[in-house]
Amino acid sequence: LDRKVRQNNWEQNNFINYKKMSENLDVVRARLNRPLNYAEKILYSHLDDPHGQEIERGKSYLKLRPDRVACQDATAQMAILQFMSAGMDAVANPTTVHCDHLIEAQVGGAKDLARAININKEVYDFLSSACAKYNIGFWKPGSGIIHQIILENYAFPGGLLIGTDSHTPNGGGLGMAAIGVGGADAVDVMANLPWELKAPKVIGIKLTGQLSGWTAPKDIILKVADILTVKGGTGAIVEYFGKSLNPFVASCTITIVLYSIQQHECAITLRDSQLIKYHLGSGLDGISATGLGTVCNMGAEIGATTSVFPFNDRMYDYLAATKRKDIGDFARTYAKELRADEGAEYDQLIELNLSELEPHINGPFTPDLGTPISKFSQAVKENGWPEELKVGLIGSCTNSSYEDMSRAASIARDALDHGIKAKAAFTVTPGSEQIRATIARDGQLQTFEEFGGIVLANACGPCIGQWDRNDVKKGEANSILSSYNRNFTGRNDGNPATHSFVTSPDLVVALTIAGSLHFNPLTDKLKDKDGKEFMLKPPTGNGLPANGYDPGQDTYQAPPKDRSAVQVQVAPTSDRLQVLEPFQPWDGKDVKDIPILIKAQGKTTTDHISMAGPWLKYRGHLDNISNNMLIGAINEANGEANKIHNFTTGDWDAVPAVARDYKKKGIKWVVVGDWNYGEGSSREHAALEPRHLGGLAIITRSFARIHETNLKKQGMLPLTFADPADYDKIKPDDKVDILATQLAVGKPITMVVHPKEGKTFEVPLQHTFNEAQIEWFKNGSALNTMAIRA
Ligand code: MIC
Ligand code: SF4
């Protein structure tokens, strides 16, 4: 383990430290004296203080030392603005920034990219100069989506990465614990503070059987989301495992082959020992690393801290194919710690038989409403979902690997061979420049175009509302189907009537051919150009490109050797960037008789709290972006969005307007919310905005992890009802006292409610603050606390 193996091909001096990790594990093992699961191993091998750290899953706060940090452009702006106020001259840990969220899909790849570079010039200039100044690797617009770039270049087995984006867990496809955080958490690590995480519980998912036919890796997570729901993974890491045969044993031991594969495959495997490795795939070994990445990626949708797979041969293959064979070899020497110990325990265990798993379609409006394809047509009828498929969209960080593209193209080719094309509109977003260049070289891209598709820029595009959609009017009900991960109301096109479903790229293409949500490619026939019936062949495609990856254009900017001359500029007149002012510290008093700005009803995701799409352009300007605060949340008082009662004037007004009015008048306020408040994105704007506009506390039935931390970091009070039923006792026009002086570790806080009519009553509230976090509240923010200590 003493070898010096670089973390990636871009940075000269950052190495993988398996030796240190293994020593840390030895310390922890001696203390805990029990077998560890793989998720625990990754975390504990990165402990700041393995000797002294208290370790209890679900209870203790772990102080960790991540190997790397990654930020995307929409969140990096705020992270870097915060880092700048720490006054350091370089990041203390390897960091990269990726330009992917700000590119709007309009007409297709090159043109959209050029337009974005022009429109976002100020922001890109800021990011590229700040990266150069602070020694951060910068991936220019056009390079691809953060998670795909991380998997292709930076993820490694056993590593720990934090990223300012909720789909960071995609890196789990290479056995890395890659965790989504808010920008302020990223700043801690950039500034060399340990990063804090409540020791997660671990949900084990045992995979047996094998994927085949139309079932894809995506279906694993679509099914798991259906089982666990959008909050089922909160506070937990999901660890997948399954029978994973050692490839060396496999290729020479026929008994194992006979024992573990089905009869009809034996013939193939016995004839060709190369194929043995491929077909042995029971559970895990049959799925490519990028397929595993897809499963981990969408684990964000169940609120999981991250998802991981143990290191296996398929990961090795992917590392080798992406020019990191040395990492693969190094990981093999550390392999025993890159999987769970024999007898390790999980807090919850789920078993999934892949041989029985059906392709799924999840949605609309929530990613955990899963329907197997055999029942989907029926569900469409019963629920009155719009039957015509308007647009099929493939790609995104979730599903844009070479394998995904090849399989999708094989279906499109099948249709073309029968003389037919896509009936619905069809778009493709390659996950990276490398994928785009490779599928352009190998022909899949041309197939998509021939099929009637538009190839968009290597970017997020329609996945995050960067979509200039013109085929339906706003408010018109319609259905779209994507291979993305999220489908909250209005997310893709800003139209609340769009029914957005998520599924595998394979099903997207198949249903796009039919143009109908009623089509099931497993059982239904299509008509060819002469009206003759035929059935689509199940998709096929290589996991890895036979001729290697084509890197395409060079889109990486390394930090310069001499960084001292680099200037980072923020114009004071800019409407896109604004230097941050520190928040005021707490005045040490209870807060009395303050209004409920809004009592939000039902699902309140970060898209409701701080909408993306057109608002993405203000991600570096706190005051301007605050004009979207909670405009998507539904007010219990009237069932409407963005219409609330201003108690001082009696008027009904937009949420940000009322908050600004209260702020001007020196009135603090709270928000009341339902279950899993803040689910979805990592964007800390959803916490910064209420703080900026004078909010004190957010009181809910429960929170999504990242959002709860983001609120704490910005000096807000995230509080939960000790009795969730108390949510119903609060009315939108009530006033409340928050007895903030009671704030102490493990103790409840009292909220005194003064109803508009009726007697005053008390409601106990809970919180998860630890000592250090209470300081953040007292000092006004985590950043203020850092400044005080420095
Ligand atoms: C998303 O998928 O919602 C985003 C846009 O990638 C966000 C990040 C953001 O809001 O900037 C995420 O998932 O964290
Ligand atoms: Fe981009 Fe969509 Fe992935 Fe978020 S989920 S990183 S918006 S592609």
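Computed from a predicted structure; not experimentally measured.

Draft legend 1. View of the overall build of the chain. Each helix and strand counted, the chain has 27 helices and 30 strands in total. Scaling as 2.2 N^0.38, a compact globule of 790 residues should have a C-alpha radius of gyration of about 28 Å, and the chain matches this with 26 Å. When the backbone C-alpha atoms are referred to their principal axes, the chain occupies close to 80 × 65 × 55 Å. Buried positions account for 62% of the 790 residues belonging to the chain. Counting only contacts in the chain whose residues sit at least 6 apart along the sequence, the fraction spanning at least 24 positions is 73%. About 28,500 Å² of surface is accessible on the chain, with carbon and sulfur atoms providing 50% of the total. Computing the positive centroid from 83 side-chain charges and the negative centroid from 92, the chain places the two 1 Å apart.

Draft legend 2. A look at the pattern of salt bridges. In the structure shown here, the tally under the stated rule is 42 salt bridges. The closest approach of N and O atoms between Arg 115 and Glu 104, which form a salt bridge, is 3.2 Å. Taken together, the residues span a long stretch of sequence, with Arg 115 in helix α4 (residues 109–119) and Glu 104 in the loop between β3 (95–98) and α4 at a distance of 11 residues. Judged by its relative accessible area of 22%, Glu 104 is partly exposed. Through salt bridges with shared partners, a single network forms among Arg 29, Lys 41, Lys 336, Glu 337 and Asp 341.

Draft legend 3. Main features of helix α24 (residues 685–692). Most of α24 is tucked away: 8 of the 8 residues are buried. Along α24, the residues classified as buried are His 685, Ala 686, Ala 687, Leu 688, Glu 689, Pro 690, Arg 691 and His 692. Trailing α24 by a residue or two, Gly 694 shows a phi angle of about 95°, which is positive.

Draft legend 4. A look at the site of ligand 1. Among the 14 residues in the neighbourhood of ligand 1, the closest are listed as Asp 165, Ser 166, Arg 491, Arg 619 and Arg 683. Contact distances for ligand 1 include 2.6 Å between an oxygen atom and a side-chain N or O atom of Asp 165. Ser 681 has a polar side-chain atom sitting 2.9 Å from an oxygen atom of ligand 1. Within the complex, the protein chains bury 97% of what would otherwise be the 330 Å² of accessible surface of ligand 1. Class assignment for the residues of the shell around ligand 1 results in 2 nonpolar, 7 polar and 5 charged.

Draft legend 5. Region of interest: the site of ligand 2. Residues in close proximity to ligand 2 include His 101, Ile 145, His 147, Asp 165, His 167, Ser 396, Cys 397, Cys 460, Cys 463, Ile 464, Asn 485 and Arg 491, which together make up its full environment. Each residue belonging to the shell around ligand 2 can be placed in one class, and the counts come to 5 nonpolar, 5 polar and 2 charged.

Draft legend 6. A look at the pairing of strand β22 (residues 591–599). For β22, the tally of buried residues reaches 7 of 9 residues, placing the bulk of the element in the interior. Bridge count between β22 and strand β28 (residues 735–738): 3 bridges; the pairing is antiparallel. Within the sheet, the bridge partner assigned to Val 591 lies in β28 and is Ile 738. For β22 and strand β25 (residues 669–673), the ladder comprises 3 bridges, and the chain directions are parallel. Along β25, the bridge assignment pairs Lys 599 with Val 672.

Draft legend 7. Seen up close, the sheet that holds β3. Taken together, the 6 strands give an open sheet; going across it, the order is β6-β5-β2-β3-β4-β21, and neighbouring strands pair in mixed fashion. Both edges of this open sheet fall to β6 (177–180) and β21 (556–557), since each of them pairs with a single strand only. As paired strands, strand β2 (residues 68–72) and β3 are joined by 4 bridges and run parallel to one another. Paired with Ala 70 across the two strands is Thr 96, which belongs to β3. On the sheet, helix α5 (residues 121–134) packs against β3, β4 (137–139) and β21 and is oriented at approximately 155° with respect to β4. On the sheet, helix α6 (residues 146–154) packs against β2, β3, β4, β5 (160–163) and β21 and is oriented at approximately 140° with respect to β3.

Draft legend 8. Seen up close, unusual backbone geometry. With an omega of 0°, the peptide bond running from Gly 363 to Pro 364 counts as cis. Note that Pro 364 resides in the loop between β12 (360–362) and β13 (370–372). Look at Asn 33: it is not a glycine, yet its phi comes out positive at around 55°. Turning to its location among the elements, Asn 33 is positioned in the loop between α1 (18–32) and α2 (38–44). Of the residues examined, Asn 33 reaches a relative accessible area of 67% and is grouped as exposed. With a phi angle near 70°, Phe 365 is a residue other than glycine that sits in the positive phi range.

Draft legend 9. Region of interest: the sheet that holds strand β8 (residues 201–208). Taken in spatial order, the 4 strands line up as β10-β9-β8-β11 in an open sheet, and their pairing is parallel. Here the strands that pair on one side only, and so sit at the sheet edges, are β10 (306–308) and β11 (348–353). The average angle at which neighbouring strand axes cross in this sheet is 20°, direction not considered. Judged from the 3 bridges that link them, strand β9 (residues 236–242) and β10 form a sheet pairing that is parallel. Bridge pairing in β10 links Glu 239 to Val 308. Against the sheet, helix α8 (residues 217–228) engages β8, β9 and β11, with an angle of about 135° to β11.

Draft legend 10. Structural context of the nonpolar core. In this structure, Ile 220 and Tyr 240 are the most contacted members of the largest nonpolar core, which totals 172 residues. With 8 residues, helix α17 (residues 402–417) is the single largest residue contributor to this core. The contacts of Ile 220, once residues within four sequence positions are left out, are Leu 207, Leu 211, Tyr 240, Ile 287, Val 295, Leu 352, Leu 354 and Leu 357. Core analysis: the next-biggest nonpolar cluster, separate from the first, contains 25 residues, Leu 696, Leu 717, Val 736 and Leu 743 among them.

Draft legend 11. Structural detail: the environment of Gly 144. Relative to the assigned elements, Gly 144 resides in the loop between β4 and α6. For Gly 144 and Ile 435, which are 291 residues apart along the polypeptide, the C-alpha to C-alpha distance reads 8.8 Å. Those residues within four positions of Gly 144 in sequence are excluded, and the remaining contacts are Cys 99, Asp 100, Ile 149, Gly 431, Ser 432, Glu 433 and Asn 458.

Draft legend 12. Summary view of the environment of Asn 547. Position of Asn 547 among the secondary structure elements: in the loop between β20 (533–534) and β21. Under the relative-accessibility criterion, Asn 547 is labelled exposed at 63%. Separated by 225 residues in sequence, Asn 547 and Thr 322 have C-alpha atoms that sit 12 Å apart.

Draft legend 13. Broad picture of the state of the cysteines. Taken as a whole and assessed by the stated rule, the structure comprises 0 disulfides. No disulfide involves Cys 296; its sulfur sits 12 Å from that of Cys 397, the nearest cysteine.

Draft legend 14. Fine view of the side chain of Lys 735. Inspection of the secondary structure assignment puts Lys 735 in strand β28. For the buried residue Lys 735, which engages in no salt bridge, the nearest side chain bearing the opposite charge is Asp 593, 4.9 Å off. Discounting chain neighbours no more than four positions away, the residues touching Lys 735 are Asp 593, Ile 594, Pro 595, Phe 647, Val 752, Val 753 and His 754.

Draft legend 15. Spotlight on the packing of helix α3 (residues 73–84) against helix α7 (residues 183–190). For the pair α3 and α7, the least separation of the axes is 9 Å and the interaxial angle reads 45°. Viewed along their axes, α3 and α7 adopt a mutual orientation that is oblique. Seen from above, α3 lies across α7 with right-handed handedness. For the pair formed by α3 and α7, the contact residues are Ala 79, Gln 82 and Phe 83 on the first element and Gly 183, Ala 184, Val 187 and Met 190 on the second. In terms of residue class, the contact of α3 with α7 is built from 5 nonpolar, 2 polar and no charged.

Rules behind the numbers
- Residues numbered from 1 in each chain as written.
- Chains lettered and ligands numbered in written order.
- Predicted model: local features only at pLDDT ≥ 70, side-chain atom pairs only at ≥ 80, totals over all residues.
- Heavy atoms only, no water.
- Helix = DSSP H or I, 4+ residues; strand = E, 2+ residues; numbered from the N terminus.
- Rg over C-alpha atoms; globule rule 2.2 N^0.38 Å.
- Buried < 20%, exposed > 50% of the residue type's maximum accessible area, 1.4 Å probe, protein only.
- Contact = heavy atoms within 4.5 Å.
- Areas by Shrake-Rupley, 256 points an atom, 1.4 Å probe, with all protein chains shown as cover.
- Lys, Arg positive; Asp, Glu negative; His and termini not counted.
- Charge placed at Lys NZ, Arg CZ, Asp CG, Glu CD.
- Salt bridge = Lys/Arg side-chain N within 4 Å of Asp/Glu carboxyl O.
- Near = heavy atom within 4 Å.
- Polar contact = N/O pair within 3.5 Å; in protein donor to acceptor, adjacent residues only side chain to side chain.
- Nonpolar A, V, L, I, M, F, W, Y, C, P; charged D, E, K, R; others polar.
- Pairing = 2+ DSSP bridges.
- Axes fitted to C-alpha atoms, helices over the stretch in contact; angles between N-to-C directions.
- Core = buried A, V, L, I, M, F, W, Y, C linked by side-chain atoms within 4.5 Å.
- Disulfide = S-S within 2.5 Å.
- Parallel < 35°, antiparallel > 145°, perpendicular 65-115°, else oblique.
- Left-handed = near helix turned anticlockwise from the far one by under 90°.

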